[in-house]
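# Breakdown of the fold
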Amino acid sequence: METKLIDHLFRYHSGKMVSVLTRIFGLAHLEIIEDAVQDTFIKASISWRTKQPDNPEAWLTQAAKNRVLDIFRKLNTEKKHLPQITYGSEAIAINELFLDTEIEDSQLRMIFTACHPKLDPRDRIAFALKTVSGFSSKEIASALLIKEDSIKKRLTRARKAIQKSQLKFKIPQGKSLPQRLESVMEVLYLIFNEGFHSNKKETLIRKELCGEAMRLCKMLLKNKTTRSPEVYALFALMCFHSARLDTKTNAQNEILDLKTQDRSQWHWPLIKLGNSMMNKAVESSTFSCYHYEAAIAAEHLRARHFKDTNWDKILHWYECLHTIQPMPTHLLTMAVVCLQNKDYDKTKNYLDQIKPDNFVQRAYLYYGTLSDYYFAINNLKKAVEQIDNAINVVNNKFEKKYLKNKKRVLLLAKG
């Protein structure tokens, strides 16, 4: 129980703690702060075995703050490392920085710092996932479909760039805001996707990551300088996907695709909220990738039954999306849509433009779709070959079980 509680708190509160402590002690000491927060959770895992504190989050925050001070004292450079904290012309008491509004401000400062143009674009996302949401290097590698060693190098480069450029811990203003905001939204999108379709071996869905992404997105919407049609569209997309979370698996934790999900169990208050957010998102005449993705998700939700799905409209939105954001994943999904429409020539055309290497850890999606294509054109031998390829490279055990069930269906059809 204690381990689960600590894991839960680490996911939800480590980013808060790192952000607030960075605001107190400065970006120059970020690595010390991250280590202190990590040490605090290790300490909690030991001390909570006998007695759990009444307010775990407050305990962790105070312990992390004390741990940082201890480190600075040991270095015998406390005065040098503890600059005056100012806000405007007046000093803010450190305790006031732990008020909810100030915590949110600190986290926004952190995520915009992570997305600073002086950081390599490839490093920004990894660094934000680490500092704002407490991702491990392995989880970041999974979310970004990149090797873990590469992620560690990116995190190191980001920290060095921050030190070298002496970046300020603040939310950008004026002309620099839109570009930085775009990078921030990309990070939140990746956090949500890792929760919605986890690549961890033992877990298919990680609701806490979806919730974290939505929480951070709401923070952007609450701040008048970071509120925009694109952010509204991103939040709408998250609402639409979250509405289906509980129907993605059955009682045995087996995967249910859109065709087999119980649509009566979709969470309609979230769908209603998503529609409300989309109404705000389309007040602008310019549409982003999040607008199109939300439109696609809404189209699925609009169909009362799978057979009622308007695949032509979904394909149109995907074509619009691919025009402004060309990606192998869009080509793959368009191939899937064409399969539903029984347009096999167009399906093959999209598949021929893709290589399995484009998907790294999720290459099984490509092989699985290729198997579906061959099954649709009655080439059962190749269908089985491709489903085997998918089974061999998939990491998640629930996905593997799902693919093995599909293989059994293929073998029955072949036999």
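Residues numbered from 1 in each chain as written. Predicted model: local features only at pLDDT ≥ 70, side-chain atom pairs only at ≥ 80, totals over all residues. Heavy atoms only, no water.

### Let's talk about the pattern of salt bridges
Oppositely charged side chains are able to pair whenever their charged atoms sit close together. Convention followed: By salt bridge we mean one thing: a side-chain nitrogen of Lys or Arg within 4 Å of a carboxyl oxygen of Asp or Glu. In this description a helix means any DSSP run of H or I spanning at least four residues, a strand means any run of E spanning at least two, and both kinds are numbered starting from the N terminus. Any residue under 20% of the maximum accessible area for its type is buried, any over 50% is exposed, and the rest in between are partly exposed; the area is computed with a 1.4 Å probe on protein chains only.
In the structure shown here, the tally under the stated rule is 15 salt bridges. A salt bridge links E148 to K152, with the shortest nitrogen-to-oxygen separation between them at 4.0 Å. Residue E148 and its partner K152 are both found in helix α8 (residues 148-165); the two are separated by 4 residues, about one turn of the helix. What makes K152 partly exposed here is its relative accessible area of 43%.

### Some thoughts on the nonpolar core
Rules: Joining through side-chain atoms within 4.5 Å is the link that ties buried Ala, Val, Leu, Ile, Met, Phe, Trp, Tyr and Cys residues into a set, and such a set is a nonpolar core. Here, two residues are considered to be in contact whenever any of their heavy atoms come within 4.5 Å of each other.
The biggest cluster of nonpolar side chains holds 127 residues, and the ones touching the most others in it are F112, L144, L188 and F240. Apart from the residues lying within four places of it in its own chain, the contact partners of L144 are I125, A126, L129, I151 and L190.

### Remarks on the side chain of H330
Here H330 lies in helix α15 (residues 328-340). Residue contacts for H330: discarding those within four places in its chain leaves E293, L321, H322 and Q325.

### Regarding the packing of helix α5 (residues 100-114) against helix α6 (residues 121-133)
Stated formally: Every axis in this analysis is a line fitted to C-alpha atoms, fitted for helices over the stretch in contact. Angles between the N-to-C directions lie between 0 and 180 degrees. Should an angle fall under 35 degrees it is called roughly parallel, over 145 degrees roughly antiparallel, and 65 to 115 degrees roughly perpendicular, with every other angle called oblique. Here is the rule for handedness: rotate from the far helix to the near one, and if that takes an anticlockwise turn smaller than a right angle the crossing is left-handed, while a clockwise turn gives right-handed. In the scheme used here, Gly and all other residues not listed as nonpolar or charged are polar, with Ala, Val, Leu, Ile, Met, Phe, Trp, Tyr, Cys and Pro taken as nonpolar and Asp, Glu, Lys and Arg as charged.
Contact geometry for α5 and α6: axes closest at 8 Å, N-to-C directions at 155 degrees. Looking at the two axes, α5 sits roughly antiparallel to α6. For α5 against α6, the interelement crossing comes out right-handed. Along the contact surface, α5 presents Q107, M110, I111 and A114, while α6 presents R124, F127, A128, T131 and V132. Grouping the constituent residues of the contact of α5 with α6 by class yields 6 nonpolar, 2 polar and 1 charged.

### So, the environment of L221
Secondary-structure assignment places L221 in helix α10 (residues 207-222). Looking at L221, the relative accessible area reads 11%, which means it is buried. In this structure the C-alpha to C-alpha distance between L221 and Y232, which are 11 residues apart in sequence, comes to 7.3 Å. Ignoring any residue separated from it by four or fewer positions in sequence, one finds L221 in contact with R227, V231, Y232, F235 and M277.

### Observations regarding α10
Counted only if it meets this: The length a helix should cover is 1.5 Å for every residue beyond the first.
Here α10 is 16 residues long and its end C-alpha atoms lie 22 Å apart, about the 22 Å a rise of 1.5 Å per residue gives. Those residues of α10 not exposed but buried are L209, C210, E212, A213, M214, L216, C217, M219, L220 and L221.

### What about unusual backbone geometry?
Despite not being glycine, Q166 shows a phi value in the positive range, around 50 degrees. Here Q166 shows up in the loop between α8 and α9 (177-196). Take Q166: its relative accessible area is 64%, and that puts it in the exposed class. Of note in this structure, N378 is not a glycine but carries a positive phi near 65 degrees.

### Quick word on the environment of N341
Inspection of the secondary structure assignment puts N341 in the loop between α15 and α16 (344-352). The partly exposed category is assigned to N341, whose relative accessible area is 32%. The spacing of N341 and L315 is 26 residues in sequence and 9.8 Å in space, taken between C-alpha atoms. When neighbours within four sequence positions are excluded, N341 is seen to be in contact with W311 and D312.

### Points about the environment of P178
Here P178 is to be found in helix α9. Given a relative accessible area of 51%, P178 falls into the exposed group.

### Topic: the packing of aromatic side chains
Short version of the rule: Pairing of aromatic side chains requires ring centres within 6.5 Å, counting the rings of Phe and Tyr and the six-membered ring of Trp. Pairs whose planes differ by under 30 degrees are stacked, by over 60 edge-to-face, and all others tilted.
Inspection of the entire model under this criterion finds 7 aromatic pairs. Seen from their ring centres, F287 and Y292 are 6.2 Å apart, and the 85 degrees between their planes marks the pair as edge-to-face. When its relative accessible area of 14% is taken as the criterion, Y292 is described as buried. Cluster of aromatic residues (ring-pair linked, three or more members): F287, Y292 and W317.

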